[in-house]
Amino acid sequence: MELCNSTLESGFILVGILTDSGSPGLLYTTISVLYTLALTSNGLLLLVITVDAQLHVPMYLLLGQLSLMDLMLTSVVIPKTLVDYLRGENAISFEGCALQMFLVLTLGGAEGLLLAFMAYDRYVAICHPLNYTVLMRPRICWLMMATSWTLAFLNSVIHTSYTMHFPFCMTREIRHLLCEIPPLLKLACADTSRYEFMVYVSGSIFLMPSLAAILASYTFVLVAVLHMSSGEGRQKALFTCSSHLTVVGMYYGAAMFMYVQPSSYHSPRQDNILSVFYTVITPALNPLIYSLRNKEVMGAFRRVLGRFSFIQDGGCQYHIEAL
């Protein structure tokens with residue numbers, strides 16, 4: 001009991017990938033660059049979608065939510081990791097650990113559901129274009145976004161509360177980049193086998209239907225694309241779908257390894273690599289995958305940039321005339 005009370009008072013120590021790495025300096029630089037890229041690209045994409053009225057359509061509203069989730073997810077984990085490495089301290093309080101777990105589960109879960117809704121959006125746009133404005137009207141779009149956040153929030157509250165109620169009296173060291181369920185359960189001094197099975201079942205229920213819906217949507221899309229008469233339209237649709245599936249593969253691959261794979265197959269090294277993948281690599285790549293070859297997004301970016309340049313030039317001209 002004394003050790004349990006000590007954990008509550010002093011918290012945990014995160015022994016993440018930077019601590020275990022053979023070349024932490026190089027890895028620190030790489031993660032810093034990726035985090036800066038994730039912060040800049042998601043921030044710019046979110047700004048463009050918010051400011052440019054021509055992108056206020058379901059596809060880009062959902063994409064804006066994805067950028068917001070990625071921006072928040074990477075910022076919940078990476079800044080603390082980088083600062084802790086520079087300070088030589090890896091401590092996190094019990095309450096801070098619980099909050100970090102809650103936010104990561106909420107944002108990660110919401111992103112998984114949102115990717116399924118984005119796949120449905122592409123399915124309707126390509127397979128039922130005449131009914132798109134009805135099936136993806138603004139009310140439906142906002143309902144999709146609210147559903148993603150709400151279900152992820154409820155799932156996160158349940159798992160965070162249950163995980164943190166265990167007595168932790170084995171050690172204070174979490175051999176992981178952040179506070180997550182699998183590495184924390186290894187520190188519990190109570191029997192967690194039933195809860196581990198519950199995590200496996202809930203993870204499967206949360207991830208599998210969404211993944212099945214995504215695969216079904218893109219199967220129908222692929223069939224429709226192959227029957228297109230326009231070569232340009234076929235190429236555009238194939239690129240859009242392939243980019244979406246790349247994002248889906250990165251997200252669901254990491255999530256299933258982390259939450260659906262049995263605990264006996266987990267290793268600190270593997271879990272640390274996976275955590276870097278979905279906390280910084282995927283958020284950095286998502287906006288690039290979705291926007292680099294998207295003419296509408298790039299056109300909107302140029303319009304927004306031109307608008308800000310015009311405002312700045314107008315302000316300078318007004319200042320000169322005033323003088």
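Since we're looking at a predicted model, the values are computed, not measured. Counting of residues starts from 1 at the beginning of each chain's written sequence and follows it residue by residue. A pLDDT threshold of at least 70 governs which residues receive local features in this predicted model, and a stricter bar of 80 or more applies before side-chain atom pairs are shown or counted, although totals over entire chains, interfaces and linings include all residues. Side-chain descriptors were evaluated using all non-hydrogen atoms of the structure, hydrogens and water having been removed beforehand.

J.: So what's going on with the nonpolar core? Residues and values would help.
T.: In terms of nonpolar packing, the biggest core is built from 45 residues, with Leu-63, Leu-115, Met-118, Ile-214 and Tyr-252 touching the most fellow members. Secondary structure is summarised from DSSP: a helix means a run of H or I of at least four residues, a strand means a run of E of at least two, and numbering begins at the N terminus for each. Residue assignment for this core shows that the elements contributing at least two residues are α3 (24-51), α4 (58-87), α5 (94-127), α7 (138-164), α9 (193-226), α10 (231-259), α11 (268-291) and α12 (295-322). Among the elements that take part in this core, α5 stands out by supplying nine residues, more than any other. By the convention used here, residues are in contact when the closest approach between their heavy atoms is within 4.5 Å. In this view, Tyr-252 contacts Gly-112, Leu-115, Leu-207, Ser-210, Leu-211 and Ile-214; residues no more than four positions away in its chain are not counted. By nonpolar core we mean a set of buried residues, namely Ala, Val, Leu, Ile, Met, Phe, Trp, Tyr and Cys, connected to one another through side-chain atoms within 4.5 Å. Using a 1.4 Å probe on the protein chains alone, a residue whose accessible area is under 20% of its type maximum counts as buried, one over 50% counts as exposed, and one in between counts as partly exposed. Cys-97, Cys-179, Leu-184 and Val-199 belong to the second largest nonpolar core, which has 25 residues in total.

J.: Go over the sheet that holds strand β1 (residues 12-14) with me, naming the residues and quoting the values.
T.: Following DSSP output, two strands are said to pair if at least two bridges run between them. Overall, mixed pairing links the three strands, which are arranged β2-β1-β3 in an open sheet. Single-partner strands in this sheet number two, and they are β2 (91-92) and β3 (173-174). In terms of strand pairing, β1 meets β2 through two bridges, oriented antiparallel. Looking at β2, one finds that Ile-13 is bridged to Ala-91.

J.: Just give me the short version of the UniProt feature "transmembrane region" (unreviewed entry) in the protein chain, but keep the residues and values in it.
T.: UniProt positions are given in the numbering used here, feature names are shortened, and annotations may be inferred rather than shown by experiment. In the numbering used here, UniProt assigns the "transmembrane region" (unreviewed entry) feature to residues 26-48, 60-78, 98-120, 140-158, 205-226, 238-260 and 272-292. Within the segment residues 98-120, helix and strand shares are 100% and 0% respectively, and the terminal C-alpha atoms sit 33 Å apart. Across residues 140-158 one finds 100% helix and 0% strand; the C-alpha atoms that close the span lie 27 Å apart.

J.: So, the packing of α7 against α9: which residues are in play, and what are the values?
T.: Fitted lines through C-alpha atoms give the axes, limited to the stretch in contact for helices. The angle between two N-to-C directions lies from 0 to 180 degrees. Here α7 crosses α9 at 170 degrees, and the two axes come no closer than 12 Å. By the angle between their directions, the pair α7 and α9 is classed as roughly antiparallel. For the pair α7 and α9, contact is made by Leu-151, Ala-152, Asn-155, His-159, Tyr-162 and Thr-163 and by Tyr-195, Val-199, Ser-202 and Phe-206, respectively. Our angle categories are set so that under 35 degrees counts as roughly parallel, over 145 as roughly antiparallel, 65 to 115 as roughly perpendicular, and the remainder as oblique.

J.: Just give me the short version of the packing of aromatic side chains, but keep the residues and values in it.
T.: Centre-to-centre distance and the angle between the planes together describe a pair of aromatic rings. Only rings of Phe, Tyr and Trp enter the pairing, Trp through its six-membered ring, and a pair is recorded when the two centres are within 6.5 Å. The plane angle decides the type: under 30 degrees is stacked, over 60 is edge-to-face, the rest tilted. Going through the model one piece at a time under the given rule, you end up with eleven aromatic pairs. Aromatic pair Phe-166 and Tyr-195: ring centres 5.8 Å apart, planes at 50 degrees, arrangement tilted. Taken together, the positions of Phe-166 in the loop between α7 and β3 and Tyr-195 in helix α9 put the pair 29 residues apart, joining distant regions of the chain. Overall, Phe-166 belongs to the buried group, its relative accessible area being 7%. These aromatic residues form a ring-pair network of at least three members: Phe-12, Phe-94 and Phe-168.

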